[in-house]
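Architecture and fold: a report
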Amino acid sequence: MATGYMLLTGASRGIGHATVKLFQEHGWRILTVSRQPFSEACAWPAARESHIQADLSDLGQIAALAATVRERLPDGKLHALVNNAGISPKGPGGSRLGVLASDADTWTKVLNVNLISTALLARELLPELEAAQGSIVNVTSIAGSRVHPFAGVAYAASKAGLAALTRELAHEFGPRGVRANAIAPGEIETSILSPGTDRLVEQEVPLGRLGSPREVAQTIHFLCGRASSYINGAEIHINGGQHV
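- If you check an unreviewed UniProt entry, the protein appears there as NAD(P)-dependent dehydrogenase (Short-subunit alcohol dehydrogenase family) from Mycoplana dimorpha.
- Quoted verbatim from the Sequence similarities (unreviewed entry) field of the UniProt record, the comment on the protein reads "Belongs to the short-chain dehydrogenases/reductases (SDR) family."

Now the structure itself:
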């Protein structure tokens with residue numbers, strides 16, 4: 001069972017929370033990044049020591065974030081980088097933000113968090129990933145490949161861009177022994193589901209149910225381990241068949 005150090009962005013809830021729990025069960029040591037300060041209610045072992053507060057919408061923070069990560073790696077090796085942080089702003093009443101409703105500030109913030117910070121963080125931490133022959137996993141979305149009734153245009157475009165970035169990372173970092181793959185979740189059971197998701201699942205998901213955060217975490221774990229050692233540049237759909 002391969003273990004090591006993992007850096008996970010967007011760790012405070014849903015998929016990120018489930019990923020931390022699963023990796024801990026398998027003996028991984030974890031560093032988490034969130035724009036929220038450490039919560040005293042958090043029950044994760046050694047959570048305070050593993051938490052790094054950073055706002056990924058501010059690209060000027062990326063270098064300092066990477067430096068903090070390096071300080072916490074005892075042997076200079078980062079075995080997994082999981083880019084899970086993502087934002088999907090809504091309009092009044094939780095409405096979908098289309099092109100006409102999305103201003104420049106919306107585009108800038110969403111692209112910075114969901115796409116550009118991911119590229120810059122991978123760039124900064126390549127030496128540590130290369131030293132570990134590590135794995136990058138980017139969390140895209142079904143919204144990156146089809147128009148979604150709830151996800152806005154900036155979110156969708158950012159996730160499509162993240163899929164393209166994953167291919168670029170696989171191509172550029174592969175010769176250095178660093179793999180890059182993506183997972184594209186569909187409707188996953190979290191605390192922030194949009195109204196109407198139940199009907200969407202009934203109409204569009206062949207398995208007829210929501211996915212669980214743990215099911216997503218298990219795929220992330222697979223992509224960070226030896227069992228996936230020849231998988232590079234892939235995007236795995238985790239959506240119960242919603243994409244077919």
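Notes on the overall build of the protein
- Secondary structure summary: the protein contains seven helices and seven strands in total.
- Along the protein, helices (α) and strands (β) appear in the sequence β-α-β-α-β-α-β-α-β-α-β-α-α-β when read from the amino end.
- Over its C-alpha atoms the protein spans a radius of gyration of 17 Å, differing by no more than 12% from the 18 Å that the globule rule assigns to 244 residues.
- Overall size of the protein, expressed as C-alpha extent along the three principal axes, is 50 × 40 × 35 Å.
- Within the protein, contacts between residues separated by at least 24 positions form 73% of all contacts whose residues are at least 6 apart in sequence.
- Carbon and sulfur atoms provide 52% of the accessible area of the protein, an area that totals close to 11,600 Å².
- Mean positive and mean negative side-chain charge positions of the protein (21 and 21 charges, respectively) differ by 3 Å.

Notes on the pattern of salt bridges
- Throughout the structure, instances matching the rule amount to five salt bridges.
- In this structure, the salt-bridge partner of Arg70 is Glu128, at a minimum N-O distance of 3.3 Å. Here Arg70, found in helix α3 (residues 62-72), pairs with Glu128, found in helix α4 (residues 104-132); they are 58 residues apart in sequence, far enough to count as distant.
- Accessibility expressed as a relative area gives 31% for Arg70, which makes it partly exposed.
- The exposure class assigned to Glu128 is buried, which follows from its relative accessible area of 9%.
- Where Glu130 meets Arg176, a salt bridge forms, and the shortest distance between an N and an O atom there is 3.2 Å. In this pair, Glu130 is assigned in helix α4 and Arg176 in the loop between α5 (153-173) and β6 (179-185), connecting sequence segments 46 residues apart.

Considering the packing of α4 against α5
- Between α4 and α5, the shortest axis-to-axis distance is 8 Å and the interhelical angle comes to 15 degrees. When the axes of α4 and α5 are compared, the pair comes out roughly parallel. Seen along the crossing, α4 lies across α5 with a hand that is right-handed. Contact residues: Thr106, Trp107, Val110, Leu111, Asn114, Leu115, Thr118, Ala119, Ala122 and Leu126 in α4; Val153, Ala154, Tyr155, Ala157, Ser158, Lys159, Gly161, Leu162, Leu165, Leu169 and Phe173 in α5.
- For the contact of α4 with α5, the residue count by class is 15 nonpolar, five polar and one charged.

A closer look at the packing of aromatic side chains
- Throughout the structure, instances matching the rule amount to one aromatic pair.
- An angle of 65 degrees between the planes, with centres 5.0 Å apart, marks the rings of Phe23 and Trp28 as edge-to-face. Each member of the pair, Phe23 as well as Trp28, is classed as buried.

Considerations on the side chain of Thr19
- Following the sequence through the fold, Thr19 ends up in helix α1 (residues 14-25).
- Accessibility expressed as a relative area gives 0% for Thr19, which makes it buried.
- In this structure the side chain of Thr19 is engaged in a polar contact, spanning 2.8 Å, whose partner is the backbone oxygen of Ile15.
- Apart from the residues lying within four places of it in its own chain, the contact partners of Thr19 are Met6, Leu8, Ala217 and Ile220.

Points about the nonpolar core
- With 29 residues, the main nonpolar core has Leu7, Leu65, Val69, Leu78, Leu81 and Ile136 as its most contacted residues.
- Counting residues per element, this core draws most heavily on α4, at six residues.
- Other than its neighbours up to four places away in sequence, Ile136 contacts Leu81, Asn83, Ala122, Leu129, Leu169, Phe173, Val178, Arg179, Ala180 and Asn181.
- Grouped together as the second largest cluster of nonpolar side chains are 19 residues, Ala11, Ile30, Ile183 and Ile220 included.

A short note on unusual backbone geometry
- Located in the positive-phi region is Gln133, a residue other than glycine, with phi close to 50 degrees.
- Tracing the backbone shows Gln133 in the loop between α4 and β5 (135-139).

Here we look at the side chain of Ser135
- The topology assignment puts Ser135 in strand β5.
- A relative accessible area of 1% places Ser135 in the buried class.
- A distance of 2.8 Å separates a polar atom in the side chain of Ser135 from the backbone oxygen of Leu223.
- Not counting residues up to four positions away in its chain, the partners in contact with Ser135 are His79, Ala80, Leu81, Leu129, Arg179, Leu223 and Cys224.

The rules behind each value
- Residues numbered from 1 in each chain as written.
- Predicted model: local features only at pLDDT ≥ 70, side-chain atom pairs only at ≥ 80, totals over all residues.
- Heavy atoms only, no water.
- UniProt positions renumbered as here; feature names shortened; annotations may be inferred.
- Helix = DSSP H or I, 4+ residues; strand = E, 2+ residues; numbered from the N terminus.
- Rg over C-alpha atoms; globule rule 2.2 N^0.38 Å.
- Contact = heavy atoms within 4.5 Å.
- Areas by Shrake-Rupley, 256 points an atom, 1.4 Å probe, with all protein chains shown as cover.
- Lys, Arg positive; Asp, Glu negative; His and termini not counted.
- Charge placed at Lys NZ, Arg CZ, Asp CG, Glu CD.
- Salt bridge = Lys/Arg side-chain N within 4 Å of Asp/Glu carboxyl O.
- Buried < 20%, exposed > 50% of the residue type's maximum accessible area, 1.4 Å probe, protein only.
- Axes fitted to C-alpha atoms, helices over the stretch in contact; angles between N-to-C directions.
- Parallel < 35°, antiparallel > 145°, perpendicular 65-115°, else oblique.
- Left-handed = near helix turned anticlockwise from the far one by under 90°.
- Nonpolar A, V, L, I, M, F, W, Y, C, P; charged D, E, K, R; others polar.
- Phe/Tyr/Trp six-rings, centres within 6.5 Å; stacked < 30°, edge-to-face > 60°.
- Polar contact = N/O pair within 3.5 Å; in protein donor to acceptor, adjacent residues only side chain to side chain.
- Core = buried A, V, L, I, M, F, W, Y, C linked by side-chain atoms within 4.5 Å.

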